[in-house]
Amino acid sequence: MAKRLYKSQEKKLCGVCAGIAEYFNIDPTIVRLIWVVITCASVGGGLVAYVICALIMPDRPSSSSDWNNMKRANDTSDEDREFNSHFEKK
């Protein structure tokens, strides 16, 4: 299964930065700081990019049945299974 980019449930605004951090398996604070620097350096270009990402990126499936159905539909590698295990409801 290919990794999917989703907005995170652990969000400050729309979950874009946290979703990107989950995708790359890094701390969301780092992504947020980089996004602020890009926004300041590009005189607001990062803000436009954030709004576009917030509109385009899908939300992570919240119900366990949706998530399990999606996982079963695609073959997953061991690395993906380990990553996904952090998001399964117990």
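Look a little higher up for the structure.
Here we summarise the structure given alongside this text.

Calculation rules
- Residues numbered from 1 in each chain as written.
- Predicted model: local features only at pLDDT ≥ 70, side-chain atom pairs only at ≥ 80, totals over all residues.
- Heavy atoms only, no water.
- Helix = DSSP H or I, 4+ residues; strand = E, 2+ residues; numbered from the N terminus.
- Expected span 1.5 Å × (residues − 1).
- Buried < 20%, exposed > 50% of the residue type's maximum accessible area, 1.4 Å probe, protein only.
- Arc of directions from axis to C-beta.
- Contact = heavy atoms within 4.5 Å.
- Axes fitted to C-alpha atoms, helices over the stretch in contact; angles between N-to-C directions.
- Parallel < 35°, antiparallel > 145°, perpendicular 65-115°, else oblique.
- Left-handed = near helix turned anticlockwise from the far one by under 90°.
- Nonpolar A, V, L, I, M, F, W, Y, C, P; charged D, E, K, R; others polar.
- Salt bridge = Lys/Arg side-chain N within 4 Å of Asp/Glu carboxyl O.

1. Things to note about helix 3 (residues 45-56)
Since one α-helical turn is 3.6 residues long, residues separated by three or four positions face the same way.
Part 1: Taking 1.5 Å as the rise per residue, helix 3 with twelve residues should run 16 Å; its terminal C-alpha atoms sit 17 Å apart, in good agreement.
Part 2: Among all positions of helix 3, only Gly46, Tyr50 and Ala54 are buried. Each buried residue of helix 3 sits inside an arc of 80° when the element is viewed along its axis, so together they form one side. Residues of helix 3 that are exposed and point more than 90 degrees away from the buried face comprise Val48, Leu55 and Ile56.
Part 3: Looking at the buried positions of helix 3, the neighbouring elements they touch are helix 1 (16-24) and helix 2 (28-41).

2. Some remarks on the packing of helix 1 against helix 2
Any two packed helices are characterised by how steeply their axes cross, that is the angle between the axes, and by the distance between the axes.
Part 1: The geometry of helix 1 relative to helix 2 is characterised by a closest axis approach of 8 Å and an angle of 125° between their N-to-C directions. With respect to each other, helix 1 and helix 2 are oriented oblique. Like other packed secondary-structure pairs, helix 1 and helix 2 cross with a definite hand, here right-handed. Along its contact with helix 1, which presents Val16, Cys17, Ala18, Ile20 and Ala21, the element helix 2 presents Pro28, Val31, Arg32 and Trp35.
Part 2: Each residue belonging to the contact of helix 1 with helix 2 can be placed in one class, and the counts come to eight nonpolar, no polar and one charged.

3. Looking at the pattern of salt bridges
Part 1: Summed over all chains, the structure comprises one salt bridge.
Part 2: Measuring nitrogen to oxygen at the nearest pair gives 3.3 Å for the salt bridge that ties Glu22 to Arg60. Of the two residues, Glu22 is situated in helix 1 and Arg60 in the loop between helix 3 and helix 4 (64-73); the sequence distance between them amounts to 38 residues.
Part 3: Judged by its relative accessible area of 15%, Glu22 falls in the buried class.
Part 4: Residue classification places Arg60 among the buried residues on the basis of a relative accessible area of 9%.

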